[in-house]
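Now for the letters of each chain:
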Amino acid sequence: MIKLIDVSFSYGDREIFDGINMEIGDGEWVALVGANGSGKSTLIKLLNGLLVPTKGRVLIDGMDTRDEGNVWEIRRRVGVVFQNPDTQIVASIVEDDIAFGPENLGLAPEEIRERVEQVLKVLRLEPFRSSPTYALSGGQKQKLAIAGVLAMKPRYLVLDEPTSMLDPPSRRDINKIIKFLYDKEKITVVYSTHNPEEIFYATRVIALSKGTLFFNGTPWEFFSNPERVWKCGVKLPIITHLCYKLKKRGLDLSFPIFSPKELAEELWRLKSKM
Amino acid sequence: MAIEVKNVSFFYSIGTPFEKKALENISFSLEMGENMGILGPTGSGKSTLIQLLNALLIPTKGEVLIDGLNTRERKNGSKIRELVGVVFQYPENQFFEDTVYEEIAFGAKNLRLSKEEVDRRVREAIAVVGLPEAILDKSPFELSGGEKRKVAIASILVRKPKYLVFDEPFAGMDYPGTEALVKFLKSLRGTVSLIVVTHTLDELLGLVDKIMFLDNGKMKAFGPVKDIIHFEELRKYVPLAELISLLEQKGLNFQLNTFELDHLEEEIVRNVLFS
Ligand SMILES: Nc1ncnc2c1ncn2[C@@H]1O[C@H](COP(=O)(O)OP(=O)(O)OP(=O)(O)O)[C@@H](O)[C@H]1O
Ligand SMILES: Nc1ncnc2c1ncn2[C@@H]1O[C@H](COP(=O)(O)OP(=O)(O)OP(=O)(O)O)[C@@H](O)[C@H]1O
Ligand SMILES: [Mg+2]
Ligand SMILES: [Mg+2]
């Protein structure tokens, strides 16, 4: 379990959090959302001890991130995919970069090989295994950053806008891979995103605003109130946005609707009744 | 005047084991005032194409002409970079100034503008991307990911280039930032040409005149939005395109001359309630 107790954090004199409390239980999938600068990445860095609170405590399975002796074990349990993949890619060849994390865990060479092969395969990076990392496109770099963390098999998988540069089919692929791990390995997921489509995988949405937990509830609850979604600096899925506009024009649609197919069916049903 | 790309192919690392054909025989042209969206899977060559437009990369084969200036000729380089402003995919990797103000003002450096004019443009540019004035004194390195992206966009906007090129401008951008930028880009209509690489074209569907779909270095589709909107692959990228296709299949008769969300809304209301 992840626990934040009265956590405050400042960069110099710039205060980001002033006494927040949060619990993320095992088996949860939390979508972390909020406007640019609302503190998502800061919160994420507090979870693996890269940043430590100025006041209060962050506990990972009871281990305080401020205690130096816990650093190694916390990094092993909490795997973080950072927002900019360039800050994460360390090796000059793709497969070496994926092996870097597992090597640091001190795993046996055969185990490392096996894990590297596995993630190369699921992320469809096999054609790039011997490519220099500088030669990857923006989206390929994001996939590599994800691969490196997956190969470490963390108990808590924390991702900071991991698919922001990926095309929709590749993004959905990544979402499904994580969902599969979530179901099969019973990992806990914390996933920050500006893409509303990705929020649906979550069991819970936490929206940050001005250093506070502005919203805490299910994705369905979150999207059922568009004004609040916007207030959090979050987009509505475009289909939901259109559905909202049509409803305001007096069309008797259910709300919220997310998929083009569902909206098309409902509109057709309405038209047939006219 | 226009952008002309003629039979362009591009190879990375020619003659090495890492030789990679990134673009193959691409041709298109864009008139001044026309806007274009570029889509395609990861690794399809979008960023490569964009870097060919401001002479950062030179075609392996074929020609790129900007207002008639060939990017192949070295002496055209600075003029071309004045005409074509590019916001790269990870622009924050190129920051180097001490404050956000200087970082943005640097963009206008070679334009021989007065100090007052630079100041006016810097403030205008941050407003356009929805950043507060208070951010100007901060270090560009001590910003959130989305704030950095907005600063990078502002640093190109201050130059007021004739051809504005964006590589994934909305990646990592929040709702207010996206709204502000889209609104601004709409206000530019006709006065510049926009080329936008984006995986979320829905926001710009009403703004682009043409769409290009790249796949594995090849141009799979290119043309006016009303034609490309029915291109099968596009439906996986643009939910509105999927919706339009589904409704048309059911027999709804759309009279869309723009793909503005508001216009689509009108057409649906007209179709469902009044026909
Ligand atoms: N190293 C730093 N020094 C000082 N201030 C910082 C630093 N990093 C971030 N900030 C500030 O802290 C606030 C929170 O930043 P953070 O990166 O956590 O936001 P975020 O929610 O991840 O935003 P985004 O969606 O843009 O990635 C921002 O206002 C930012 O300017
Ligand atoms: N410096 C380089 N050396 C060798 N190959 C490269 C280099 N840069 C890019 N490539 C390769 O060229 C192809 C096209 O890359 P490009 O960056 O143009 O793709 P993209 O469409 O922008 O992808 P993304 O959506 O992921 O940003 C990719 O397969 C990439 O691996
Ligand atoms: Mg962030
Ligand atoms: Mg790219």
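Residues numbered from 1 in each chain as written. Chains lettered and ligands numbered in written order. Predicted model: local features only at pLDDT ≥ 70, side-chain atom pairs only at ≥ 80, totals over all residues. Heavy atoms only, no water.

1. Some remarks on the interface of chain A and chain B
Between chain A and chain B, the residue contacts involve 48 residues of the former and 49 residues of the latter. Buried area between chain A and chain B, both sides added, is near 4,300 Å², and the carbon and sulfur share of it is 64%. When the buried surface of chain A facing chain B is broken down by residue, N36, M165 and K235 of chain A rank first, second and third, together holding 16% of it. For the pair chain A and chain B, the number of links is five salt bridges. K245 of chain A is the partner of E265 of chain B in a salt bridge, and the nearest nitrogen-oxygen pair spans 3.3 Å. Counting across the chain A and chain B interface gives 20 residue pairs in polar contact (both at pLDDT 80 or more). When residues of the side of chain A that touches chain B are traced back to their parent elements, those giving at least two are α5 (138-150), α6 (168-185), α9 (238-248) and α10 (260-273) of chain A. Broken down by element, the side of chain A that touches chain B gets its largest block of residues, nine residues, from α10 of chain A. (Contact = heavy atoms within 4.5 Å. Buried area = accessible area lost by both parts, 1.4 Å probe. Salt bridge = Lys/Arg side-chain N within 4 Å of Asp/Glu carboxyl O. Polar contact = N/O pair within 3.5 Å; in protein donor to acceptor, adjacent residues only side chain to side chain. Helix = DSSP H or I, 4+ residues; strand = E, 2+ residues; numbered from the N terminus.)

2. Notes on the site of ligand 1
In the vicinity of ligand 1 lie 21 residues, with R14 and T42 of chain A together with S144, G146 and E147 of chain B positioned nearest. The local environment of ligand 1 is shared, drawing residues from chains A and B. Between S41 of chain A and ligand 1, the recorded distance is 2.8 Å, taken from a side-chain N or O atom to an oxygen atom. For ligand 1, the accessible surface in isolation is 640 Å², of which the surrounding protein chains cover 91%. Taken together, the residues of the shell around ligand 1 break down into four nonpolar, 11 polar and six charged. (Near = heavy atom within 4 Å. Areas by Shrake-Rupley, 256 points an atom, 1.4 Å probe, with all protein chains shown as cover. Nonpolar A, V, L, I, M, F, W, Y, C, P; charged D, E, K, R; others polar.)

3. Some points on the pairing of strand β4 (residues 55-60) of chain A
Two faces belong to every sheet, and in a regular strand the side chains alternate between them. All names here are of chain A. Pairing between strand β1 (residues 2-11) and β4: five bridges, direction antiparallel. Looking at the pairing, I5 lines up with R57 of β4. Here β4 hands over to strand β5 (residues 63-64) after two residues, with D61 in that stretch at a positive phi of 45 degrees. (Pairing = 2+ DSSP bridges.)

4. Digging into the coordination of the magnesium ion (ligand 3)
In an ideal tetrahedron of four donors about a metal, each angle is 109.5 degrees. In an ideal octahedron of six donors, the angles are 90 or 180 degrees. Looking at the metal site, the magnesium ion (ligand 3) is ligated by S41 of chain A (OG) and Q83 of chain A (OE1), spaced 2.0 to 2.2 Å from it. Placement of the pair is S41 of chain A in helix α1 (residues 40-47) and Q83 of chain A in the loop between β6 (78-81) and α3 (94-104), with a sequence separation of 42 residues. (Donors = N, O, S within 2.8 Å, 3.2 Å for Na, K, Ca; no water.)

5. Looking at the site of ligand 2
In the vicinity of ligand 2 there are 20 residues, among which S137 and G139 of chain A together with T42, K46 and T48 of chain B approach most closely. Proximal residues around ligand 2 fall on chains A and B, making this an inter-chain site. At a separation of 2.6 Å, an oxygen atom of ligand 2 approaches a polar side-chain atom of S137 of chain A. In this structure, G138 of chain A approaches ligand 2 through a main-chain N or O atom, which is 3.4 Å from an oxygen atom. Relative to its free-state accessible area of 640 Å², ligand 2 is covered by the protein chains to the extent of 91%. Only α5 of chain A together with β2 (20-31) and α1 (46-53) of chain B provide two or more residues apiece to the shell around ligand 2.

6. Notes on unusual backbone geometry
Most peptide bonds take the trans form, and the phi angle of most residues other than glycine is negative. Residues and elements named next belong to chain A. The step from F255 to P256 runs through a cis peptide bond, and the omega angle for that step is -5 degrees. Note that P256 resides in the loop between α9 and α10. Phi at D6 is positive, roughly 45 degrees, even though this residue is not glycine. With respect to the secondary-structure elements, D6 resides in strand β1. On the basis of relative accessible area, D6 is assigned to the partly exposed category, the value being 45%. (Buried < 20%, exposed > 50% of the residue type's maximum accessible area, 1.4 Å probe, protein only.)

Read these as layout, nothing more, since geometry by itself doesn't imply function.
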